[in-house]
Amino acid sequence: MKKLYTLLKDIDTIGTSHLKDVDIKGIAYHSGKVKEGYLFVAIKGYKTDGHKYIAEAIKKGAVALVVEEMQPDIKLPQICVKNSRKALALLSDAFYNHPTKDIRVIGITATNGKTSSSFMTNTILEKAGFKTGIIGTIMTKFGNYIEPSILTTPESLDLQNYFYQMRRQKISHAVMEVSSSALELHRVTGVDFDIVTLNNIGREHI
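The paragraphs below set out a description of the structure included in this document. Sequence order as written defines the numbering, with residues in each chain counted from 1. With pLDDT at 70 or above as the cut-off, local features in this predicted model cover only qualifying residues; side-chain atom pairs require 80 or more to be listed or tallied, and sums for whole chains, interfaces and linings still use all residues. Side-chain descriptors were evaluated using all non-hydrogen atoms of the structure, hydrogens and water having been removed beforehand.

### A look at the overall build of the protein chain
Then, in step 1: Within the protein chain one finds six helices and 13 strands.
Then, in step 2: For the protein chain, whose C-alpha radius of gyration is 18 Å, the value lies close to the compact-globule estimate of 17 Å for 206 residues.
Then, in step 3: Dimensions of the protein chain, computed from the C-alpha atoms along their principal axes, are close to 55 × 40 × 25 Å.
Then, in step 4: Residue exposure (1.4 Å probe, protein chains only): buried if accessible area is under 20% of the type maximum, exposed if over 50%, otherwise partly exposed. Relative to its 206 residues, the protein chain shows a buried fraction of 47%.
Then, in step 5: Throughout, a contact is declared for two residues whenever any of their heavy atoms are within 4.5 Å. Long-range contacts, defined as pairs at least 24 residues apart, comprise 63% of the intrachain contacts of the protein chain with a sequence gap of at least 6.
Then, in step 6: The convention is simple: Lys and Arg are positive, Asp and Glu are negative, and His and the chain ends are not counted. To locate a charge, take atom NZ for lysine, CZ for arginine, CG for aspartate or CD for glutamate. Across the protein chain, the mean location of the 27 positive side-chain charges is 3 Å away from that of the 21 negative side-chain charges. A run of H or I in DSSP becomes a helix once it reaches four residues, and a run of E becomes a strand once it reaches two; helices and strands are each numbered from the N terminus. Only C-alpha atoms enter the radius of gyration; for comparison, a globular chain is expected to reach 2.2 Å times N to the power 0.38, where N is the number of residues.

Here it is, written out as structure tokens:
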């Protein structure tokens with residue numbers, strides 16, 4: 001659990017409303033995942049706008065909102081930001097106490113070959129005796145945890161949770177695929193990379 005004011009130190013705000021230092025038990029960017037005491041971050045997506053689901057988030061227990069457009073007649077603390085995706089990434093990093101500062105993170109981006117490169121790098125590190133984690137197109141895996149991937153690079157909140165779990169399990173090195181869309185959508189904003197590679201750029205990314 002974090003205090004709202006503590007989390008807000010890590011983001012740039014352009015306005016606030018009904019601001020008070022409430023306890024934040026979790027963060028959600030999907031209204032269906034909001035629980036009592038959560039901070040809800042309204043993201044404008046390609047298909048829908050998270051601002052449309054603020055009422056549902058409040059019904060489920062949201063105690064504060066991060067928005068790109070202030071919502072009239074809502075008495076909860078509202079924090080207005082220029083880019084809610086970037087804010088989500090920085091808030092998530094802060095909520096989980098900046099986990100990548102304690103992990104050697106290797107990010108691999110390219111048009112082609114990210115998966116192969118990440119698995120080879122992970123194998124080299126394992127053979128060298130390091131306790132590793134891997135995040136990418138096929139799966140997220142660390143310790144005894146393994147989950148098939150939906151996105152090449154998870155959304156920032158989910159990504160920081162993975163790193164938080166890795167730190168708890170004493171993972172020393174994490175290898176991750178970083179897609180071009182993840183860079184554009186701020187999914188890795190706040191990640192403390194130690195090594196980054198740009199393997200190649202194909203026509204679709206030029």
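Moving on from the coordinates now.
### Here's the deal with the sheet that holds strand S2 (residues 15-17)
Then, in step 1: Following DSSP output, two strands are said to pair if at least two bridges run between them. An order of S2-S7-S6-S5-S4 is seen for the five strands of this open sheet, with the pairing classed as mixed. Of all strands in the sheet, those with a lone pairing partner are S2 and strand S4 (26-28), marking the two edges. Taken pair by pair, the neighbouring strands of this sheet meet at an average axis angle of 20°, ignoring direction.
Then, in step 2: Sheet topology note: the S4/strand S5 (residues 38-41) ladder contains three bridges and is parallel. Bridge pairing in S5 places Ala28 opposite Phe40.
Then, in step 3: Against the sheet, helix H3 (residues 84-95) makes contact with S4, S5 and strand S6 (64-67), and its axis sits at roughly 160° relative to S4, the strand it touches most. With axes taken as lines fitted to C-alpha atoms, and helix axes fitted only over the stretch in contact, angles between N-to-C directions fall between 0 and 180 degrees.

### Some thoughts on the environment of Ser149
Then, in step 1: Within the secondary structure, Ser149 is located in the loop between strand S11 (145-148) and helix H5 (156-168).
Then, in step 2: Residue classification places Ser149 among the partly exposed residues on the basis of a relative accessible area of 22%.
Then, in step 3: For the pair Ser149 and Ile135, spaced 14 residues apart in sequence, the C-alpha to C-alpha distance is 8.2 Å.
Then, in step 4: Each residue touching Ser149, except ones within four places of it in the same chain, is listed here: Gly136, Thr137, Ile138, Met139 and Thr140.
Then, in step 5: Residues adjacent in sequence count toward polar contacts only when both atoms are side-chain atoms; beyond that, a polar contact is any pair of N or O atoms within 3.5 Å, and within protein one must be able to donate a hydrogen and the other to accept it. Looking at Ser149, its side chain comes within polar contact range of the main-chain oxygen of Gly136, at 2.5 Å.
Then, in step 6: Among the polar contacts made by the side chain of Ser149, one reaches the main-chain amide nitrogen of Met139 at a distance of 3.1 Å.

### Quick look at the nonpolar core
Then, in step 1: By convention a nonpolar core is built from buried Ala, Val, Leu, Ile, Met, Phe, Trp, Tyr and Cys residues, the set being connected through side-chain atoms within 4.5 Å. Membership of the largest hydrophobic core comes to 22 residues, with the highest contact counts inside it found for Leu4, Ile24, Ile27, Leu39, Val66 and Leu91.
Then, in step 2: Looking at this core, the elements that each hand over two or more residues are helix H1 (4-8), S5, S6 and H3.
Then, in step 3: Looking at this core element by element, the count peaks at five residues for H3.
Then, in step 4: Contact partners of Leu91, with chain neighbours within four places excluded, come to Leu7, Ile11, Ile27, Leu39, Val41 and Val66.
Then, in step 5: In terms of nonpolar packing, the next biggest core, distinct from the first, is built from 14 residues, Tyr162, Met166, Val178 and Val188 among them.

### Focus: the side chain of Ser92
Then, in step 1: Along the chain, Ser92 falls in helix H3.
Then, in step 2: The exposure class of Ser92 is buried, given its relative accessible area of 0%.
Then, in step 3: Once residues within four sequence positions are removed from consideration, Ser92 is found in contact with Ile27, Ser156, Leu157 and Gln160.

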